[in-house]
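# Examining the three-dimensional arrangement
Now for the letters of each chain:
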Amino acid sequence: MTTQGSLTGRERVNRMFARQDQDRIPRHESFWPETITRWQEEGLSGEQSDVLDLLESDFGQVTWMWPSPFRGQGRTIQQDASTRVVRDEHGKLARYWKNKSGTPEHLGFDCDSREKWEQVYKPALLNTGLQVDVHAAKRAFRRARELGQWAYVAGVESFEQTRTMMGDEITLMGMMEYPEWIRDVSVTCTDVMLRNLDAIVAEGVHFDGLWTYGDMAYNHATMCSPATYRELIWPDHKRLAMWAHAHNMKFIYHTDGDINGVMDLYVEAGFDCIQPLEAKANMDIRTLCPKYGQQLAMFGNCNVMKYATNDRAVIEEEIRAKLEAGKKTRGYAYHSDHSVPPQVSWETYQFIIDLVKRYGKY
Amino acid sequence: MAELQELTQVIIKGNRAEAKRLTQAAIDAQVPARQVLDALVAGMDEVGRRFQRNEVFVPEMLIASRAMKEAMALLEPMLVKAGIKPEYIAVIGAVQGDLHDIGKNLVAMMWRGANFQVVDLGTNVPAEKFIAAVKEHRAQVVGLSSLLTTTMPAMQATVKAIKDAGLGSLKVVVGGAPITQDFAKEIGADGFSPDAAGAVDLVRKLLAA
Ligand code: B12
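Residues numbered from 1 in each chain as written. Chains lettered and ligands numbered in written order. Predicted model: local features only at pLDDT ≥ 70, side-chain atom pairs only at ≥ 80, totals over all residues. Heavy atoms only, no water.

### Re the overall build of chain A
Applicable threshold: Helix and strand definitions follow DSSP, with helices as H or I runs of at least four residues and strands as E runs of at least two, each counted in order from the N terminus. Computation of the radius of gyration draws on C-alpha atoms alone. For the globule rule, the value is 2.2 Å times the number of residues to the power 0.38. The contact criterion used throughout is that any non-hydrogen atoms of two residues lie within 4.5 Å. Positive charges are assigned to Lys and Arg, negative charges to Asp and Glu, while His and the chain termini are left out of the count. For charged residues, the charge sits on one atom: NZ in Lys, CZ in Arg, CG in Asp, CD in Glu.
Helix and strand content of chain A: 14 helices and 11 strands. What you see for chain A is a C-alpha radius of gyration of 21 Å, in line with the 21 Å of a compact globule of 362 residues. Its C-alpha atoms put chain A at 60 × 45 × 40 Å along the principal axes. Looking at chain A alone, contacts between residues at least 24 apart form 70% of all its contacts between residues at least 6 apart. Once the 43 positive and 51 negative side-chain charges of chain A are each reduced to a mean point, those two points are 3 Å apart.

### Examining the packing of helix α6 (residues 158-177) of chain A against helix α7 (residues 179-202) of chain A
To characterise two packed helices, one gives the angle between the axes of the helices and the distance between these axes. Residues and elements named next belong to chain A. Short version of the rule: Axes here refer to lines fitted to C-alpha atoms; in helices the fit is confined to the stretch in contact. Angles between the N-to-C directions go from 0 to 180 degrees. For classification purposes, angles smaller than 35 degrees are called roughly parallel, those larger than 145 roughly antiparallel, those between 65 and 115 roughly perpendicular, and all remaining angles oblique. By convention, the crossing between two helices is left-handed when the near helix turns anticlockwise from the far helix through less than a right angle, and right-handed when the turn is clockwise. Gly falls in the polar group here, along with every residue not listed as nonpolar (Ala, Val, Leu, Ile, Met, Phe, Trp, Tyr, Cys, Pro) or charged (Asp, Glu, Lys, Arg).
Where α6 contacts α7, the two axes come as close as 9 Å, and the packing angle between them is 165 degrees. By the angle between their axes, α6 is roughly antiparallel relative to α7. In the crossing of α6 with α7, the sense of the turn from one axis to the other is left-handed. Residues S158, Q161, T162, M165, M166, I170, T171, G174, M175, M176 and E177 of α6 form the contact with α7, whose own contacting residues are P179, W181, I182, V185, S186, C189 and T190. Partitioned by chemical class, the residues of the contact of α6 with α7 number 10 nonpolar, 7 polar and 1 charged.

### Side note on the packing of aromatic side chains
Residue and element names in this part refer to chain A. So the rule is basically this: Each aromatic pair joins two rings of Phe, Tyr and Trp (for Trp, the six-membered one) with centres within 6.5 Å, and gets the label stacked for planes under 30 degrees apart, edge-to-face for over 60, and tilted for any other angle. Only protein chains enter the accessibility calculation, which uses a 1.4 Å probe. A residue is then buried if its area is under 20% of the maximum for its type, exposed if over 50%, and partly exposed in between. For a Lys NZ or an Arg CZ to count as sitting over a ring, it must be within 6 Å of the ring centre and within 35 degrees of the ring normal.
For the coordinates displayed, the defined rule picks out 23 aromatic pairs over all chains. For the ring pair F59 and F299, a centre distance of 5.0 Å and an interplane angle of 25 degrees mean the geometry is stacked. Taken together, the residues span a long stretch of sequence, with F59 in strand β1 (residues 59-65) and F299 in strand β10 (residues 297-299) at a distance of 240 residues. Between W211 and Y213, the ring centres sit 5.9 Å apart and the planes meet at 15 degrees, which makes this aromatic pair stacked. Taking relative accessible area as the criterion, W211 reaches 1% and is therefore assigned buried. An aromatic cluster is defined as three or more aromatic residues linked by ring pairs; in this entry it consists of F17, F59, W64, W66, W150, Y152, W211, Y213 and F299. Lying across the ring of F70, R87 places its NZ or CZ 3.8 Å from the centre. The positively charged end of R312 is found above the aromatic ring belonging to F351, 4.2 Å away from the centroid.

### Examining helix α6 (residues 127-137) of chain B
What sets the pattern is the α-helix's 3.6 residues per turn: residues three or four places apart point alike. Residue and element names in this part refer to chain B. Quick reminder of the rule: Read the arc as the range of directions from the helix axis to the C-beta atoms.
Those residues of α6 that sit buried are A127, F130, I131, A133 and V134. The buried side chains of α6 occupy one side of the element, clustering within an arc of 165 degrees when seen end-on. Turned more than 90 degrees from where α6 packs its buried face, E128, K135 and E136 sit exposed. Of the residues one or two after α6, R138 is the one with positive phi, at around 50 degrees.

### Side note on the interface of chain B and chain A
Put simply, an interface is often sized by how much accessible area is lost when its parts join up. Where we set the bar: Salt bridges are counted wherever a side-chain nitrogen of Lys or Arg sits within 4 Å of a carboxyl oxygen of Asp or Glu. N or O atoms within 3.5 Å of each other form a polar contact, as long as, within protein, one can give a hydrogen and the other can take it, and as long as residues adjacent in sequence are counted only when both atoms are side-chain atoms.
Counting from both sides, the interface comprises 21 residues of chain B and, opposite them, 24 residues of chain A. Where chain B packs against chain A, one counts 2 salt bridges. R16(B) serves as the salt-bridge partner of E177(A), at 3.9 Å between the closest nitrogen and oxygen. Taken together, the connections running from chain B to chain A amount to 7 residue pairs in polar contact (both at pLDDT 80 or more). Contributions of two or more residues to the side of chain B that touches chain A are made by α4 (58-81) and α5 (102-113) of chain B. Looking at the side of chain B that touches chain A element by element, the count peaks at 6 residues for α4(B). Classifying every residue of the side of chain B that touches chain A gives 13 nonpolar, 5 polar and 3 charged.

Written out as structure tokens, the structure reads:
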């Protein structure tokens, strides 16, 4: 479990953030659900949490937050003999078959205009009350403390929330044509998030870090320009980071893709850590650590495309090289560069765990 | 002509109101439809290049493409009258199991911006649907998009099904985040492009050959 060796997981991660000596690098991992299913067929007895135990993960999630305007109120808004159109709790519209299974047809987003945002979605978001189960969070927090884990709250930040609610095209075009609108959405989503975070803390859940999710990049670049990000979304990212610091917590930011163009903005906003550093999108801790390693802890970057080859030599070289680069700053934690896909066999992943343990010692 | 150069510029900026105004003005002034079309295409072409160099990003591409689309709607009747047809007919879609569509949409936009007729089949498209659409629209090129390592096998199977269907000189091009030139070659695709602007050049090169 997490208290292995001389340090607890919590101590280890805190020391990583302080760039102090650790016995080994902290570890965590994410998986596709299909991966776990495959591994169960190949001999894994247990669930994802059991794999994390084998890895001796140092991180414990207290709760997950994805505020939505119609919490728990996905509903059918139209139907005929064979299909029904459902608006989910975020406002996404999809057509489902009544009498057969199959992928639903994606129809679009209900929140497709500024008027609708102002008249329906914004009031709904602001009026839905708390979006977290504070009692469950409390229990999870207690458990994380018992296990000596570094306890974090995970949540979706405003850019991702906006895209979930309005879709990529409306959001991205809105950034150009109605920047005040997108700014308003981002501010509102962040207000709601902070309100939820305050409610958790008010219950005595003094977790160690806030880990926010928002994919703002893809293989070649950020979705919007760094200047647009700076103007419309960054102030809210900074607010989240400042909230974390005001509560003596660290701020971890998750994004896929090539974020080389905005690393300086992350530093300026006071982020503490970036995850998962997608290797195929030109992210490489061998160059990032020397440049940003003092300001930003690096979390991840082990290339799942290499894991998917199931080729031991290829995988060993990847893990050796990345962990070696990360350890130089003492501000590095192990994670793959996103999530382990189902091409990776259980045998291969057990080998990966061994490698992470072997090369992760200080 | 200064107005046409301006038209190119407003497409680059994604200013749809101006794009429509200038297109209508050119139509009213009886500027040959081909020249107006060329000005619009030049605008999208430039946006694609800037996107390739990370000088503009997805939002700028989206608004430029919409400005182009709205201007084209005005120009359409003139193009028909002048007997100007789309350069090529293309079918595009994300392969079965894949729901990612932003990149595929950008490729479709760049193709339309280059005056191709594009039939967009959306996401999660089975091989048979690609084949049926190619036949129905007499397409010369079909584009397959895959963003997941788990849908790369579906891409491979789709390429094979299309090739086995014996559709004459039809070209199959592929793309998406995990796709590489090597993979494209391995699965028997005719071409690959890492980005949307390159997808236009790719089709022109393949079909001119
Ligand atoms: C946005 C996104 C999503 C959104 C998609 C929204 C939408 N409407 O498309 C959502 C949240 C729905 C999603 C879902 C999932 N995703 Co996702 N997603 C992404 C992300 C962050 C960006 C993709 C994107 O939009 N790029 C922007 C466009 C402009 O770029 P592009 O698609 O690469 O397209 C360009 C080129 O590739 C090329 N191109 C594209 N298509 C074509 C076609 C032709 C013919 C040609 C010539 C060129 C070409 O031109 C385009 C423009 O220049 C990527 C990260 C990444 N690095 O790509 C992950 C990513 C693709 N997703 C991933 C995963 C794992 C998933 C999920 C399984 C789980 C999850 N995260 O929820 C599901 C699967 C859903 C499904 N069945 O498809 C992984 C895939 C890993 C792997 N092993 O394959 C990635 C790589 C993230 C990662 N770091 O690992 N995702």
